[in-house]
Amino acid sequence: MSSRAERNLLIESNLPLVGYLASETHARATHIPRDELASVGALALVTAADAFDPALGVPFGAYARRRILGAFADEMRSMDWASRGIRKRIKETVAVRETLTAGLGRTATAAEVATAMGVAKDVVVEALGDAARTVTTLEDPAARDVAADIPLPEESALVGERREVLEQAVAALPERMRRIVQGVYFEERPVKEIAEELGVTHSAVSQQRSEAIRLLRDALDRYFAEGAAPATTTRVSAGARDAYFTRIADAASARIAGVFRESAPA
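Let me sum up the structure you'll find in this document. (Residues numbered from 1 in each chain as written. Predicted model: local features only at pLDDT ≥ 70, side-chain atom pairs only at ≥ 80, totals over all residues. Heavy atoms only, no water.)

**Some thoughts on the packing of helix α8 (residues 175–186) against helix α10 (residues 202–224)**
Where we set the bar: Inter-axis angles, ranging from 0 to 180 degrees, are taken between N-to-C directions of lines fitted to C-alpha atoms, where helices are fitted over the stretch in contact. Note on conventions: DSSP H or I runs of at least 4 residues are helices, E runs of at least 2 residues are strands, and numbering of each starts at the N terminus. Just so you know how the angles are binned, under 35 degrees is roughly parallel, over 145 roughly antiparallel, 65 to 115 roughly perpendicular, and the rest oblique. By definition in these notes, contact holds between two residues if any of their heavy atoms fall within 4.5 Å. In the scheme used here, Gly and all other residues not listed as nonpolar or charged are polar, with Ala, Val, Leu, Ile, Met, Phe, Trp, Tyr, Cys and Pro taken as nonpolar and Asp, Glu, Lys and Arg as charged.
At a minimum axis distance of 9 Å, the contact between α8 and α10 shows a crossing angle of 95°. As judged from the angle between their axes, α8 and α10 are roughly perpendicular. Counting all contacts with α8, which are made through R176, M177, I180, V181, V184 and Y185, the residues of α10 involved are V205, Q208, R209, E211, A212, I213 and L215. Looking at the contact of α8 with α10 residue by residue, the class counts come to 9 nonpolar, 1 polar and 3 charged.

**Examining the side chain of S210**
Here is the rule we go by: Throughout this description, buried means an accessible area under 20% of the type-specific maximum (1.4 Å probe, protein chains only), exposed means over 50%, and partly exposed covers the range between. For the purposes of these results, a polar contact is taken to be a pair of N or O atoms within 3.5 Å, where, inside protein, one atom must be able to donate a hydrogen and its partner to accept one; residues adjacent in sequence count only when each atom of the pair is a side-chain atom.
The residue S210 is located in helix α10 in this model. The class for S210 is buried, based on a relative accessible area of 5%. Within the structure, S210 has its side chain in polar contact with the backbone oxygen of S13 (distance 2.6 Å). In this view, S210 contacts S13 and P16; residues no more than four positions away in its chain are not counted.

**Description of helix α5 (residues 110–117)**
Put simply, the test is: Think of the arc as the fan of directions from the helix axis to the C-beta atoms.
Looking only at α5, the buried set comprises A110, V113 and A114. Considered in projection along α5, the buried side chains sweep an arc of 100° and stay on one side of the axis. Once α5 ends, the next one or two residues include G118, with phi positive near 75°.

**Things to note about the environment of E92**
When you line up the elements, E92 lands in helix α4 (residues 84–104). Spatially, the C-alpha atoms of E92 and A127 are 9.2 Å apart, while their sequence positions differ by 35 residues.

**Structural notes on the packing of aromatic side chains**
Using the following cut-off: Two rings belonging to Phe, Tyr or Trp (six-membered ring only in the last case) form a pair when the distance between their centres is within 6.5 Å. Interplanar angles under 30 degrees mark stacking, angles over 60 mark edge-to-face geometry, and anything in between is tilted.
Evaluation of the coordinates by the stated rule reveals 6 aromatic pairs. Summarising the aromatic geometry, the rings of F245 and F260 are spaced 5.4 Å apart at their centres and angled 50° between planes, so their arrangement reads as tilted. Of this pair, F245 sits in helix α11 (residues 238–251) while F260 sits in helix α12 (residues 254–263), and the two are 15 residues apart along the sequence. Judged by relative accessible area, F245 falls into the buried class, the value being 1%. On the basis of relative accessibility, which here comes to 1%, the residue F260 falls in the buried class. An aromatic cluster of at least three residues, connected via ring pairs, comprises Y223, Y244, F245 and F260.

**Overview of the nonpolar core**
What counts is decided by this rule: For our purposes a nonpolar core is just a set of buried Ala, Val, Leu, Ile, Met, Phe, Trp, Tyr and Cys residues, chained together by side-chain atoms within 4.5 Å.
Membership of the largest hydrophobic core comes to 52 residues, with the highest contact counts inside it found for F72, L173, L216, Y244, I248 and F260. Broken down by element, the residue count for this core peaks at 8 residues, all from α10. When neighbours within four sequence positions are excluded, L173 is seen to be in contact with R178, V181, A212, L215, L216, Y244 and R247. Among the nonpolar cores identified, the runner-up in size contains 8 residues, and I90, V94, V113 and A114 belong to it.

**Remarks on the environment of E164**
Of note, E164 is situated in helix α7 (residues 153–171). Looking at E164, the relative accessible area reads 26%, which means it is partly exposed. Taking the C-alpha atoms as reference points, E164 and I256, 92 residues apart in sequence, are found 8.8 Å from one another. Every residue in contact with E164, bar those within four places of it in the chain, is listed here: S253, R255 and I256.

**Things to note about the environment of V125**
Along the chain, V125 turns up in helix α6 (residues 121–131). Judged by its relative accessible area of 42%, V125 falls in the partly exposed class. In sequence terms V125 and T93 are 32 residues apart; their C-alpha atoms lie 9.4 Å from each other.

In structure tokens:
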């Protein structure tokens with residue numbers, strides 16, 4: 001296989017990863033259209049394939065994931081309205097409020113925060129309001145869980161719900177797929193090492209990883225679908241897909257299980 005063909009294969013087999021990460025990021029940063037994130041991510045995937053050096057021993061999936069998330073972070077920064085001065089004021093105000101809250105055993109009021117900072121109450125109110133809509137960059141570890149310093153309750157609920165569904169979806173994958181996903185994306189192990197452990201080829205691991213990502217995407221799309229059933233991306237048989245949804249339903253909470261049982265055959 002020529003280097004050009006290998007590069008194209010890397011791109012094609014990892015396209016589902018772009019869609020998955022775009023959906024996950026859009027859930028935490030709803031002001032950025034998902035299709036825009038997908039476009040940015042696809043470009044990052046292409047540049048990652050061009051720059052990838054297998055001699056480094058890092059699996060392409062983990063390498064591409066970092067490049068895609070980095071591109072998303074750049075996109076979020078370009079759309080962020082807050083200057084460094086505003087961010088500094090927000091950070092200081094939130095820090096003072098958290099300190100007072102811990103000491104008082106209750107949420108500190110804006111007036112109390114203003115007194116502690118020696119500023120007008122209106123300044124604190126404005127800073128806390130800005131904090132509620134300030135997007136965190138993806139390099140910040142906190143961005144794995146929230147999209148703002150003080151997320152709205154419904155945003156926090158959506159992030160938690162999405163994480164819960166994803167955890168159940170990963171756990172319900174066929175054993176080999178689950179081990180590959182955990183090894184590549186969570187443990188960041190080299191694909192070669194995983195292939196040797198499973199007694200299969202490097203290509204087989206890549207194919208299984210791609211199919212696992214498609215199944216995860218189908219599970220998330222199924223759960224969060226509004227209206228008509230979403231298009232299927234997985235290449236497994238309808239029976240295998242329905243069995244996968246059933247496994248999710250069997251292990252999940254009643255709320256999640258209800259959605260996946262509806263998709264199962266009668």
